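Okay, here's what each chain looks like letter by letter:
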Amino acid sequence: MQNSREIGVTPAALARKLTIPVVGMTCASCVGRVEKALTRVEGVTAAHVNLATERADIALQGPVDRRALVAAIEDAGYEVPAARHELAVDGMTCASCVGRVERALAAVPGVRTASVNLASERAAITADVSVNTEDLIAAINGAGYEAHMLQGDRNAEDHAARRDAERLALKRDLLIAAALTLPVFGLEMGSHTVPAIHDWVMGTIGMQTSWLIQLVLTAIVLFWPGLRFYRIGLPALLKGAPDMNSLVAVGTLAAFSYSLVATLAPQLLPAGTVNVYFEAAAVIVSLVLAGRYLEARAKGRTSDAIKRLVGLQPKTARIHRDGKTLELDASEIRLGDLVDVRPGERLAADGEVVEGSSFVDEAMLTGEPVPVEKRPGSAVVGGTINQTGALTVRATAIGRDTMLAQIIRMVEEAQGSKLPIQALVDRVTLWFVPAVMLAAALTFLIWLIFGPQPAMSFALVNAVAVLIIACPCAMGLATPTSIMVGTGRGAELGVLFRQGEALQSLKDARVVALDKTGTLTEGKPALTDLHAADGFARSEILSLIAAVEERSEHPIGRAIVEAAEEDGLQLPAVTSFESVTGFGIRGVAEGRRVEIGADRFMASLGLETGRFAEIATRLAGEGKSPLYAAVDGRLAAIVAVADPIKPSTSGAIHAMHALGLKVVMITGDNRQTAEAIARQLGIDEVVAEVLPDGKVETIRRLKADGSGVAYVGDGINDAPALAEADVGIAIGTGTDIAIEAADVVLVSGKLTGVPTAIALSRATMHNIRENLFWAFAYNAALIPVAAGVLYPAFGILLSPILAAGAMALSSVFVLANALRLRRFSISA
């Protein structure tokens, strides 16, 4: 994230130098043009532009408006790239708050986009480089909320601590409000519903004293634990931007004020309308606080995935320094450091094993429960768990460059994003609270004019019920909570959504296009078959041909040598090595003449390969090219080297078909091999022998009929197709370029992540639709009920107390429904 300190600071003591990024320069003349444009700005004493770093270092006489500097660069024909800011925002309670913060940010000159997430309590802003982070924070604070910069784990921990403190404060206020509300509710409602309580009140303290006690207790509830609603809601109302707090504040103050007049100055009210509603005001505050507390607890659980990922980072590490092994803070690890890892410990950084062997649990990374063996030369990832043996690891990535840190950043960005479906919610909530207040005012007037006696009481009760039952909280939480839980669950399953939008668009995929090499297959040649002729042992033949192939530079030879090494075979020395162009290779190993090549090589040697005809036919049908080996002039074996299919591929294709998806293979490999693999796996369509631009054309053809297309690849040549597809899915073990071009990354490198990602997308969007239906249907159905539309026909009115309970439960329902995604699995 870029902040104001990267482009200069505003305090006068530090305003002598400014650095601004500049893009679009191509040569020295461009540098001169930018420098000349900057030095023309009043207050600039010198400007030095570096073409390589694309930065302008500007010396100033004093504070200078950065917008003038940016304008000078742009007028010269170059561009100052936008900066991205991310802020934590405290104090938001509903969708109206989100809209208010976004509008406040959008009003800051230079802000291009602003997206606020209620569930994660974050604001993501894209702005001109001239915009200070301090300006953004001031805009949010001016709107009545509190903003803080988010930079690194420390700020995230501080933000989490503030959320915990807010949750504890809500719990305290709820307990106080409940304790004070209970006697108010007992005195008033008990007097109406339980004759014994009515008789006791009338025979002891009397009705007037009962009302005075209720007044005092209710005042304490409203202006102590309930003060938060008035402190936020009333200023928002006065600014003409009411929110959920405003609805609660107006509703409870109306009920309290009316009751206060009825208690202390009943002569001011029309005859027959002297009633008190202290219990309604107190219970409303208590129930709303209860809903807020449950929301706060549920919100904390929506970000559990991030908390668990952060918790995987060990705090300390044993580092080799100056001939000693020291236990230091993990943040002190430097690139190239040797780090000791004992059994049962988590690795503190990404690295390469230099000593020891062990099995490492990488489930946090891949979702796979089976530990992976690690030997010297093996790559390891920070946060994974060393199991059985001791390892010494050389650090190759530390801090924010580790895979775990990158995963955390990707999940946070996806969780903070807004899906296209949120646009509808934003348009509705922009006018929702003002519309509710208008509806409450109309309800009051209609009941006051046309209602039965006591009309004033009916008007007040129904207007308060309308104010209280409306719930923009549920609307605001419906989408972001599902996104947070869904993307978090995806990370636990080894599926990273780099873009939140992919979570929505992936559900529409009807075609999955797959690269072959490295996606369906392992991505490198391996010895798949070796059938020895009678009189020859497999190990004998493999050691002889591997010894000869070791002298060859062909990838097939390398695969045979690796197979021999994996079997622990000792390779004999080779003499008289010769490569026979177009036929094969030959050499002498342990005094035995060894010849390896295709069937035409064997034919030239006068050897008949017919005995292996059946095996050769089967291998060809599997897309493998058979080779033959002869020893001392005798046909000794048939072998095949191929790029083996990943063990998980077949199950993944079956799972995609079960989801109703069409599976297409797009590869640059030869058609015979591609079609053989397609037959084995049940792939629906094969497009073979195409270059990268051919892959892009195929993607466009598949998209032309209106089907959503997801493309899965791992190589540099897959990057254009990944970008062209509706959703690009990169194999996490592939190239960085492919990963950067993709919307979704499969960390494990297994194709089973594709059906998991698609099923999770569908489940998340279904969950969002359920939440939105509930939020909108709830308000559409119950606001008219609260206004009293059922009274003429059925005599039914909705008590403000029931309205408050329903309002609190609506938000809790949305959050609880979103949390169901934590249990998602592909079989769910």
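Structural notes, computed from the coordinates. (Residues numbered from 1 in each chain as written. Predicted model: local features only at pLDDT ≥ 70, side-chain atom pairs only at ≥ 80, totals over all residues. Heavy atoms only, no water.)

Concerning the sheet that holds strand E4 (residues 83–90)
Working step 1: If you walk across this open sheet you meet the four strands as E5-E6-E4-E7, and the pairing is antiparallel. Strands with a single pairing partner mark the edges of an open sheet, and in this sheet they are strand E5 (111–117) and strand E7 (146–149). Adjacent strand axes in the sheet meet at a mean angle of 25° when their direction is disregarded.
Working step 2: With six bridges joining them, E4 and strand E6 (residues 122–127) adopt antiparallel strand pairing. (Pairing = 2+ DSSP bridges. Helix = DSSP H or I, 4+ residues; strand = E, 2+ residues; numbered from the N terminus. Axes fitted to C-alpha atoms, helices over the stretch in contact; angles between N-to-C directions.)

Topic: the pattern of salt bridges
Working step 1: Under the counting rule described, the total for this entry stands at 25 salt bridges.
Working step 2: A salt bridge links Glu-373 to Arg-375; the nearest nitrogen and oxygen atoms lie 3.1 Å apart.
Working step 3: Exposure remark for Glu-373: the relative accessible area of 39% places this residue in the partly exposed category.
Working step 4: The salt bridge partner of Glu-578 is Arg-586, with a shortest N-O separation of 3.5 Å.
Working step 5: If you follow the salt bridges from partner to partner, you end up with Glu-578, Arg-586, Arg-593 and Glu-595 in one network. (Salt bridge = Lys/Arg side-chain N within 4 Å of Asp/Glu carboxyl O. Buried < 20%, exposed > 50% of the residue type's maximum accessible area, 1.4 Å probe, protein only.)

Structural notes on the pairing of strand E23 (residues 625–631)
Working step 1: With five of its seven residues buried, E23 lies for the most part within the structure.
Working step 2: Where strand E22 (residues 592–597) meets E23, four bridges bridge the pair, whose relative direction is antiparallel. Bridge pairing in E23 links Glu-595 to Ala-630.

Re the pairing of strand E18 (residues 509–514)
Working step 1: Taken across its six residues, E18 has five buried, putting it largely inside the fold.
Working step 2: Alignment of E18 against strand E27 (residues 708–713), held across five bridges, turns out to be parallel. Of the residues in E27, the one forming a bridge with Ala-513 is Tyr-711.

Section: unusual backbone geometry
Working step 1: The omega angle of the peptide bond from Gln-453 to Pro-454 is -5°, so this bond is cis rather than trans.
Working step 2: With respect to the element layout, Pro-454 can be found in the loop between helix H14 (422–450) and helix H15 (455–469).
Working step 3: At Asp-322, a position not held by glycine, the phi torsion is positive, near 50°.
Working step 4: If you trace the backbone, Asp-322 turns up in the loop between strand E8 (316–321) and strand E9 (324–329).

Focus on the sheet that holds strand E20 (residues 574–580)
Working step 1: If you walk across this open sheet you meet the six strands as E19-E24-E23-E22-E21-E20, and the pairing is antiparallel. With partners counted over all chains shown, the strands left at the sheet margins are strand E19 (526–532) and E20, one partner each. Between one strand axis and the next, the sheet turns through 20° on average, direction left out of account.
Working step 2: Helix H18 (residues 538–549) rests against E19, E20, strand E21 (584–589), E22, E23 and strand E24 (634–642) of the sheet, and its axis sits at about 80° to E22. (Contact = heavy atoms within 4.5 Å.)

Regarding the packing of aromatic side chains
Working step 1: Inspection of the entire model under this criterion finds eight aromatic pairs.
Working step 2: Measuring from ring centre to ring centre gives 5.7 Å for Phe-256 and Phe-278, while their planes differ by 65°; the resulting arrangement is edge-to-face. Placement of Phe-256 in helix H9 (residues 244–264) and of Phe-278 in helix H10 (residues 278–302) is noted, with a sequence separation of 22 residues between them.
Working step 3: Of the residues examined, Phe-256 reaches a relative accessible area of 7% and is grouped as buried. (Phe/Tyr/Trp six-rings, centres within 6.5 Å; stacked < 30°, edge-to-face > 60°.)

Structural notes on a nonpolar patch on the surface
Working step 1: A contiguous nonpolar patch, built from Leu-438, Leu-442, Leu-445, Ile-446, Leu-448, Ile-449 and Phe-450 and spanning about 720 Å² of accessible area, is present on the exposed surface.
Working step 2: Position of Ile-446 relative to the elements: it lies in helix H14.
Working step 3: A relative accessible area of 49% places Ile-446 in the partly exposed class. (Patch = residues over 30% accessible without salt bridge, like charges linked within 9 Å, V, L, I, M, F, W, Y side chains within 5 Å. Areas by Shrake-Rupley, 256 points an atom, 1.4 Å probe, with all protein chains shown as cover.)

Regarding the packing of H15 against helix H27 (residues 753–787)
Working step 1: H27 packs onto H15 with a crossing angle of 165° between their chain directions and a minimal axis gap of 8 Å. As summarised for this structure, H15 and H27 are arranged roughly antiparallel, according to the angle between their axes. In the packing of H15 onto H27, the handedness of the crossing is right-handed. Listed contacts from H27 to Asn-462, Ala-465, Val-466 and Ile-469 of H15 are Tyr-778, Asn-779, Leu-782, Ile-783, Ala-786 and Ala-787. (Parallel < 35°, antiparallel > 145°, perpendicular 65-115°, else oblique. Left-handed = near helix turned anticlockwise from the far one by under 90°.)

Here we look at H15
An α-helix turns once per 3.6 residues; consequently, residues spaced three or four apart project the same way.
Working step 1: Between the first and last C-alpha of H15 there are 21 Å, a value that for 15 residues agrees with the 21 Å anticipated at 1.5 Å per step.
Working step 2: Burial runs high along H15: 13 of the 15 residues are buried. (Expected span 1.5 Å × (residues − 1).)

Quick word on the environment of Leu-520
Working step 1: Its place among the elements puts Leu-520 in the loop between E18 and E19.
Working step 2: Sequence separation between Leu-520 and Lys-750 is 230 residues; the distance between their C-alpha atoms is 8.7 Å.
Working step 3: Once you skip the residues sitting within four places of it in the chain, Leu-520 turns out to touch Leu-514, Asp-515, Ile-645, Lys-646, Thr-649, Ile-653, Met-665, Leu-681, Ile-683 and Leu-751.

Description of the side chain of His-85
Working step 1: With respect to the helices, strands and loops of the structure, His-85 is situated in strand E4.
Working step 2: Within the local environment of His-85, its side chain forms a polar contact with the side chain of Thr-133, the two groups lying 3.1 Å apart. (Polar contact = N/O pair within 3.5 Å; in protein donor to acceptor, adjacent residues only side chain to side chain.)

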